[in-house]
Amino acid sequence: MISAGRLRRLSGIYIDFSVRNPVPIFVYRKWRNADVRSRYSTSYTSIHGERPSAEYAKQRRESLENKFGHVVGNFSSKSDSIFSNFGPFLALYRAAIISFHVAKLSMWQLFVHDIKKRAIKFRETLIRLGPFYIKLGQALSTRADILPNAYCQELAKLQDQIPPFPTHVAIKSIESQLGMPISEIFADISPQPVAAASLGQVYKAHLRSGELVAVKVQRPGMSVSLTLDALLFHMIGGQLKRFAKARKDLLVAVNEMVRHMFEEIDYILEGQNAERFASLYAVYPSTDLKKVPNNRSVEDKKENLVKVPKIYWKYTRKGVLTMEWLDAIKLTDEEGLLEAHLDRKELIDKGLYCSLRQLLEVGFFHADPHPGNLVATHDGTLAYFDFGMMGDIPRHYRVGLIQVLVHFVNRDSLSLANDFLSLGFILEGADIISISAALQKSFGDESMQSRDFQSIMNQLYDVMYEFNFSLPPDYALVIRALGSLEGTAKALDPEFKVVESAYPFVIGRLLVDPSPDMRKILRELLIRNDGSIRWNRLERLVEAISEEASELVGDSPSSQQGSANTFGWKSFDTKAVVGATEDLLLFILSEKGLRVRLFILRDVLKAADVFLDDEIVAHIFYDQFAEHSKPEGDDLLPRVKNGFYYFWEAVRMAPEIWTTMLFRMALRPEFQNFILDILSALVTHSKHRITETAWIFLSRLLHKVDS
């Protein structure tokens, strides 16, 4: 039982100062009870807010379904649609080929039970069935909510392995689409395609006006072929689902994938995508300011580090796309990069920055940045090609993606499970606690931040499959884009990890965006749900800011030798940092920040205890004893010193801005009260500690005299 004399009332809270680590008595009990409840409930006890709702994700899914419709289902409602639209012989012939391969799979199902062997057979069958099924397999490789992990890994190996069609067929298609002889369009055209894929191929040509262009020609009959295969798949999809042990209705996911396939073969749409992408991200020469769109500043254009080929609309139709030819080097061409004297790290930084802007800042993104679609020009600029597969995610999902990344780094499995609920990965009523436990187990002993994206996803695939996740349409493309980005970057740096590399950008977004949802994520990064401070995370953040300050004032060695952050995208805006700091302090001083203040108070008293033991008593008398009995938290004082040093370096970068903000805070009554509470607590607590330390000191002194 604690006597009233040993308690002191601070800000309406009774605290026991007679112990080494004071904790508010009744609040501690409330936290313990809340912690127990959180193990058996999906409700939040976090200081940051209530449990997120999945309502937005539900409405978003319904909106996409209403907008695009069920592409396959609309046709399949008519039993004779295949024959009426494509002719009986074509439909029967294709149906016979597909049925033959499906029958072989059915036979394999009876005799082969090893899931890896079945996955290999499934992939090989899709290759034999042609472009539609190859594209389908590539899309399914990221859908662990549909297929087991073994199938996802095997389908990730799929490549476009279709031989090019004859050039005379391509020329005939160009003439038919553009309505004029090839000689009136091009001065010359390459006799063979320079690149070929499952849906089309590319030729190099000169226009009659002299411009060097790339001409993309769609494979003949592709629209008919894709539609026919989609309709036939609707008939045999059930058997494929059983063979692959698909968890969900495979046909629903196929409807979504078919929509993307038809967008890929609409070259007018691809040209529009390219121009929209260029307006958002492409580089503009600094000497040609008139070409910079009105809504973009000179500073913005300096940060845009990619190039997009110009579209020649006069020679573009739904099946033919004519665009500017860009001489470039593939990122897998080591010799070419060396000859051009291109810095690999700089290329990675440019590509990562542009990709993160797409996914986390703007929302319109290239969904397939593999080495064939992302190349380097000879002047070091990155160039994007092939804008058929694009994603466009709303702000809710962009913020959700940042939140997921922060919770990954924090290893906060319960918040992560609630993120998945908010984003529509799981349905309302799902067992959040079980999902949280499975996620915690998947983290393992390694830091999630230090692992590559594919290994993280492989761990999550098992959880997604076990708990019947359902990926929203937007996020299926996001996962594909991140996987492709990391694979491309690994061609330049085998040690590249997209999650770890993206972290500085995420921190920058959290600091610069003052919106309530982004401020909430910043608080979650630095403050645990129970209100305690993540001091190690805060220390690293202040250190990163101070290092930039040192570079700006010229004190850092890297400022003399040059920084890898050539374009400054990993830098922190000083005003944004000060603004974020002020918002964080205001939250701590608010009613919601009560528990945070209590934990800060506890940590201050703990630091005072360590200082008293290590810096005063130990140095006065028993240094030798202190060396052999390291107290708990013996690294606390160096970290506190480092924290103050880093903060001072940050203040040096912009003393006027920091001083103004700190002066505003000092004038607030709640800030003054909190400082008085800390000082009062230190005085009260020190009375007990000094008395205790004096007796220990006297005892050891007598012991030494006797000896």
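This write-up is about the structure you can find in this document. Per-chain numbering applies: the sequence of each chain, read as written, is numbered from 1 onward. Totals for whole chains, interfaces and linings use every residue, but because this is a predicted model, local features are given only for residues with pLDDT of at least 70 and side-chain atom pairs only at 80 or more, for both listing and counting. For the side-chain quantities, the full set of heavy atoms in the structure was used; hydrogens and water were omitted.

### Regarding helix α13 (residues 267-281)
Step number 1: Counted at 1.5 Å a residue, the expected span for α13 with its 15 residues is 21 Å, and the 21 Å between its end C-alpha atoms agrees.
Step number 2: Counted as a polar contact is a pair of N or O atoms within 3.5 Å, where, for protein atoms, one must be capable of donating a hydrogen and the other of accepting one, and residues adjacent in sequence contribute only when both atoms are in side chains. Helix and strand assignments follow DSSP, with helices taken as H or I runs no shorter than four residues and strands as E runs no shorter than two, numbered in order from the N terminus. The residue sitting at the N-terminus of α13 and contributing the capping side-chain oxygen is D266; that oxygen lies 3.2 Å from the backbone nitrogen of I268. Helix span, as expected, comes to 1.5 Å for every residue beyond the first.

### Details of a nonpolar patch on the surface
Step number 1: Taken together, M107, L110 and F111 make up a surface patch of nonpolar side chains, about 370 Å² in accessible area.
Step number 2: With respect to the element layout, F111 can be found in helix α5 (residues 88-111). Two joining distances apply to patches: 9 Å for like charges and 5 Å for nonpolar side chains (Val, Leu, Ile, Met, Phe, Trp, Tyr), and every residue must have over 30% relative accessible area and no salt bridge. In this description, accessible areas are obtained by the Shrake-Rupley approach with a 1.4 Å probe, and a residue is regarded as covered only by the protein chains that are shown. Here, a salt bridge means any Lys or Arg side-chain nitrogen found within 4 Å of an Asp or Glu carboxyl oxygen.

### Focus on the pattern of salt bridges
Step number 1: This model, assessed by the stated rule, comprises 19 salt bridges.
Step number 2: The salt bridge involving E334 is made with R344; its shortest N-O contact spans 3.9 Å. Separated by ten residues along the polypeptide, E334 in helix α15 (residues 334-339) and R344 in helix α16 (residues 344-362) bring together distant segments of the chain.
Step number 3: Shared partners join several salt bridges into a network, and the residues in it are R395, R509, D513 and D517.

### Quick look at the nonpolar core
The tendency in soluble globular proteins is for nonpolar side chains to be buried side by side.
Step number 1: Grouping buried Ala, Val, Leu, Ile, Met, Phe, Trp, Tyr and Cys residues that are joined through side-chain atoms within 4.5 Å yields what is termed a nonpolar core. When accessible area is computed with a 1.4 Å probe and restricted to protein chains, residues below 20% of their type maximum are described as buried, those above 50% as exposed, and intermediate ones as partly exposed. In terms of nonpolar packing, the biggest core is built from 150 residues, with F132, L136, F277 and L510 touching the most fellow members.
Step number 2: What L510 contacts, discounting residues up to four positions off in sequence, is I402, V406, M518, R519, I521, L522 and L525.
Step number 3: Formed by 16 residues, the second largest nonpolar core is a distinct cluster that contains I185, A205, V215 and V320. A contact between two residues is defined here by any heavy atoms of the two lying within 4.5 Å.

### Notes on the packing of α16 against helix α17 (residues 395-410)
Step number 1: Where α16 meets α17, the axes come as close as 7 Å, and the angle between the chain directions of the two elements is 115°. Here α17 runs roughly perpendicular to α16, going by the angle between their axes. Facing α16, whose interface residues are L359, L360, E361 and V362, α17 presents R398, L401 and I402.
Step number 2: Looking at the contact of α16 with α17, its residues break down into five nonpolar, no polar and two charged. Fitting a line to C-alpha atoms yields each axis, with helices limited to the stretch in contact; the angle taken between N-to-C directions then spans 0 to 180 degrees. Roughly parallel here means an angle under 35 degrees, roughly antiparallel means over 145, roughly perpendicular means 65 to 115, and every remaining angle is called oblique. Under the scheme applied here, ten amino acids are nonpolar (Ala, Val, Leu, Ile, Met, Phe, Trp, Tyr, Cys and Pro), four are charged (Asp, Glu, Lys and Arg), and all others, including Gly, are polar.

### A look at unusual backbone geometry
Step number 1: Positive phi is not limited to glycine here, since D386 has a value of about 60°.
Step number 2: One can find D386 in the loop between β12 (382-384) and β13 (390-392).
Step number 3: The phi dihedral of N468 is positive, around 60°, even though this residue is not glycine.
Step number 4: Mapped onto the secondary structure, N468 falls in the loop between α20 (453-466) and α21 (473-490).
Step number 5: N468 sits in the partly exposed class, given a relative accessible area of 37%.

### Observations regarding the sheet that holds strand β9 (residues 328-330)
Step number 1: One bridge is not enough; two strands pair if DSSP finds at least two bridges between them. Pairing is mixed across the open sheet formed by four strands, whose spatial order is β7-β12-β11-β9. Of all the strands in the sheet, just β7 (306-307) and β9 have a single pairing partner and so form its edges.
Step number 2: As judged from the two bridges shared by β7 and β12, these two strands associate in the parallel manner. Bridge pairing in β12 places K307 opposite A383.
Step number 3: Where α16 meets the sheet, it contacts β7, β11 (374-377) and β12, and its direction lies at approximately 45° from that of β12.

### So, the environment of Q440
Step number 1: Checked against the element boundaries, Q440 lands in helix α19 (residues 432-443).
Step number 2: Owing to a relative accessible area of 36%, Q440 belongs among the partly exposed residues under this scheme.
Step number 3: Between the alpha carbons of Q440 and D412 there is a distance of 7.9 Å; along the sequence they are 28 residues apart.
Step number 4: Not counting residues up to four positions away in its chain, the partners in contact with Q440 are R411 and S413.
Step number 5: Within the local environment of Q440, its side chain forms a polar contact with the side chain of S413, the two groups lying 3.0 Å apart.

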